[in-house]
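Geometric and topological summary
These are the residues of each chain, in order.
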Amino acid sequence: MLHSLRDKLGLSARVYETGNGVGGTWYWNRYPGARCDTDSYIYCYTFDKQLLQEWEWTERYPEQPEILRYLNHVADRFDLRKDIRFNACVTEASFDEKANRWTILTAEGDVVTAKYFIAAVGCLSSSNLPKFKGLETYKGKHYHTGQWPHGGIDFTAKRVGIIGTGASAVQAIPEIAQQAKHLTVFQRTPNFCVPARNGKIDPAVVNTRKADYDAICERVRNSYFGYELSFIEKSALEASPEERERVFNEMWDQGGFNFWLANYQDMLFNKEANEVCAEFLRRKIRETVKDPVLAEKLIPKTYPYGTKRQPLDTNYFETFNKPNVLLVDVNETPIEEITPKGIRTSDREYECDIIVFATGFDAMTGPLTKINIRGRGGQLLSQKWSDGPHSYLGVAVAGFPNMFTITGPGSPSVLSNMPVSIEQHVEWITGCLEHMRKHGIATMEARADAEMQWTEHVAELANASLLPTANSWYLGANIPGKPRVFMPYLGGVGPYRQKCDDIAAKGYEGFTFAA
Ligand code: NAP
């Protein structure tokens with residue numbers, strides 16, 4: 001976005017960043033095993049063809065340090081740092097209706113005004129540290145996966161407790177278990193995991209892809225989820241059990257998101273179809289975990305497959321066969337408190353030298369509502385969204401002129417390959433600003449009726465699927481008191497892009513402009 005504002009539009013722009021470096025997610029999430037769940041060749045920027053050709057990824061799924069190197073490379077290559085103010089946490093942004101400008105404040109004392117306010121705060125950047133009683137009495141060290149210390153942590157000879165079994169924990173648990181003397185995993189909801197099948201990439205494949213990048217980008221931009229994957233155009237129930245078994249095994253062997261995003265087309269919509277997919281994965285867990293009682297605890301039974309974000313694993317279930325790993329099901333024995341020595345559940349105390357909170361994030365709305373964003377009439381965004389996010393296209397909010405939210409709630413965002421959706425929003429916002437300049441427009445604002453229709457459309461698509469039936473962070477179910485509203489847009493990356501482009505072509509239908 002900075003590159004587009006500055007180098008394409010010639011605007012003066014400044015980025016405010018809490019961290020002391022670029023990278024966002026990949027700056028903060030440095031826990032052991034952190035790596036991307038998207039194939040590296042499509043987990044990158046596509047706006048510069050030379051950059052695409054030059055950069056060499058070493059593995060199918062790049063590890064956190066490699067992605068951070070890439071993002072630093074991009075920052076250097078496009079000379080971005082000079083317009084980024086690091087170590088600056090934005091606390092307030094308010095729209096001045098007389099001046100038609102935003103005033104932005106940071107915790108460090110910056111006060112700046114700007115015509116446009118673009119929130120590129122990420123969807124999963126506001127860590128959720130549940131309020132466990134007694135945490136302040138704990139004598140050991142504790143860390144959240146999303147705020148990991150830069151020097152790393154040495155788990156050697158340590159007794160470790162980890163709370164949570166989402167995508168972050170699924171990556172971290174096998175790594176920590178290799179180092180630690182003992183690891184206790186506190187599980188609230190078991191997860192359906194599929195093997196990542198990471199590895200080096202064959203140089204011949206790299207060359208073929210590089211030669212085909214234009215077509216790859218086109219396919220990905222027009223796809224449903226921002227991947228080179230599409231659903232099988234058939235019901236899982238129409239396929240014979242033999243055919244299903246063959247297809248499921250193929251997807252299982254391919255690893256990655258294939259099982260989730262290239263499965264039978266009714267898998268996310270029809271309970272029965274979903275159940276046959278879920279049963280296949282449950283069987284895989286039973287085959288992997290040696291202790292049958294333990295296997296049953298690790299098997300998800302309370303929600304349909306694929307309705308929570310699919311974690312990809314490398315030896316996750318295998319790790320529970322190790323003698324130094326213990327699973328505690330907190331549904332059977334809830335965590336009552338953190339003690340000076342560790343974690344106490346309803347039946348006993350587990351002593352830990354280190355506690356890892358892999359407890360996720362206040363997703364999508366959290367990073368925006370924790371900033372005091374005030375629109376017209378001093379209205380707080382957090383108040384406007386007290387019953388869930390209201391947004392037009394997930395990119396603009398009625399009452400908040402000249403504010404844009406990159407991958408905001410109501411856009412495909414977390415139901416897509418993030419770089420694809422980020423680039424789409426950046427291109428679209430750049431187009432808006434160009435339009436405003438060309439027509440001498442001072443403010444652009446989503447209309448309340450357009451916002452209401454879009455918000456209803458987002459809900460309607462979600463409700464036609466099984467996704468809202470799980471207690472996932474997609475609906476804020478992980479945060480006590482958060483309204484249960486499905487936040488990302490399920491209409492697909494390609495169709496969404498088309499809608500956004502159509503709206504622009506019709507002179508930004510659904511927006512009002514003032515000179
Ligand atoms: P998450 O999926 O929200 O998982 C948090 C875990 O903590 C869940 O198991 C949750 O249980 C548990 N938990 C939360 N509060 C708890 C409490 N009070 N007591 C006990 N358990 C509690 O968070 P995450 O694993 O950090 O992943 C978040 C998202 O980040 C992912 O879904 C994914 O989109 C992204 N991510 C991506 C990658 C990648 O691309 N490689 C890697 C990691 C994460 P419940 O399920 O019962 O709520």
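One structure accompanies this document, and this report is about it.

The rules behind each value
Residues numbered from 1 in each chain as written. Predicted model: local features only at pLDDT ≥ 70, side-chain atom pairs only at ≥ 80, totals over all residues. Heavy atoms only, no water. Helix = DSSP H or I, 4+ residues; strand = E, 2+ residues; numbered from the N terminus. Expected span 1.5 Å × (residues − 1). Buried < 20%, exposed > 50% of the residue type's maximum accessible area, 1.4 Å probe, protein only. Contact = heavy atoms within 4.5 Å. Core = buried A, V, L, I, M, F, W, Y, C linked by side-chain atoms within 4.5 Å. Pairing = 2+ DSSP bridges. Near = heavy atom within 4 Å. Polar contact = N/O pair within 3.5 Å; in protein donor to acceptor, adjacent residues only side chain to side chain. Areas by Shrake-Rupley, 256 points an atom, 1.4 Å probe, with all protein chains shown as cover. Axes fitted to C-alpha atoms, helices over the stretch in contact; angles between N-to-C directions. Parallel < 35°, antiparallel > 145°, perpendicular 65-115°, else oblique. Nonpolar A, V, L, I, M, F, W, Y, C, P; charged D, E, K, R; others polar.

This part takes up helix α4 (residues 64-77). Relative to the 20 Å expected for 14 residues at 1.5 Å per residue, α4 spans 20 Å between its end C-alpha atoms, a close match to the ideal helical length. Buried residues of α4: Q64, E66, I67, L68, Y70, L71, V74 and A75, and no others. Those residues of α4 that are buried lie in contact with α2 (25-28) and α3 (49-54). Of the residues flanking the end of α4, it is D79, one or two places downstream, whose phi is positive at about 50°.

Notably, M364 is not glycine yet its phi reads approximately 65°, a positive angle. By relative accessible area, which is 2% here, M364 ends up buried. Non-glycine residue N402 carries a positive phi angle of around 60°. Turning to its location among the elements, N402 is positioned in the loop between α14 (381-384) and β18 (403-405). A residue is classified by how much of its surface remains accessible, and N402, at 0% relative accessible area, is buried.

Take the nonpolar core next. In this structure, F259, Y305, L393, W428 and F511 are the most contacted members of the largest nonpolar core, which totals 97 residues. Sort the elements by how many residues they give to this core and helix α15 (residues 418-438) lands first, with seven residues. Look past the residues within four positions of Y305 in its chain and what remains in contact with it is F192, V194, F259, W260, M267, L268, N274, C277, A278, L281 and Q310. The next biggest cluster of nonpolar side chains, apart from the first, holds 32 residues, and it includes A34, C193, I299 and V325.

Another aspect to go through is the pairing of strand β5 (residues 111-114). Of the strand pairs in this sheet, strand β4 (residues 101-106) and β5 are connected by four bridges, and their pairing is antiparallel. Paired with I104 across the bridge in β5 is V112. Two successive antiparallel strands, β4 and β5, enclose a turn made up of four residues, where G109 displays a positive phi of approximately 105°.

Another aspect to go through is the site of the ligand. In the vicinity of the ligand there are 23 residues, among which R35, T165, S168, R188 and T189 approach most closely. Here an oxygen atom of the ligand and a backbone polar atom of D37 are 3.2 Å apart. In this structure, G166 approaches the ligand through a main-chain N or O atom, which is 3.4 Å from an oxygen atom. Out of a free accessible area of 910 Å², the ligand has 87% covered by protein chains.

What follows is about the packing of α15 against helix α17 (residues 493-505). Between α15 and α17, whose axes approach to 11 Å, the crossing angle comes to 5°. By the angle between their directions, the pair α15 and α17 is classed as roughly parallel. Along the contact surface, α15 presents V420, S421, Q424, H425, E427 and W428, while α17 presents V493, Y496, R497, C500, D501, I503 and A504. Residue composition of the contact of α15 with α17, grouped by class: seven nonpolar, three polar and three charged.

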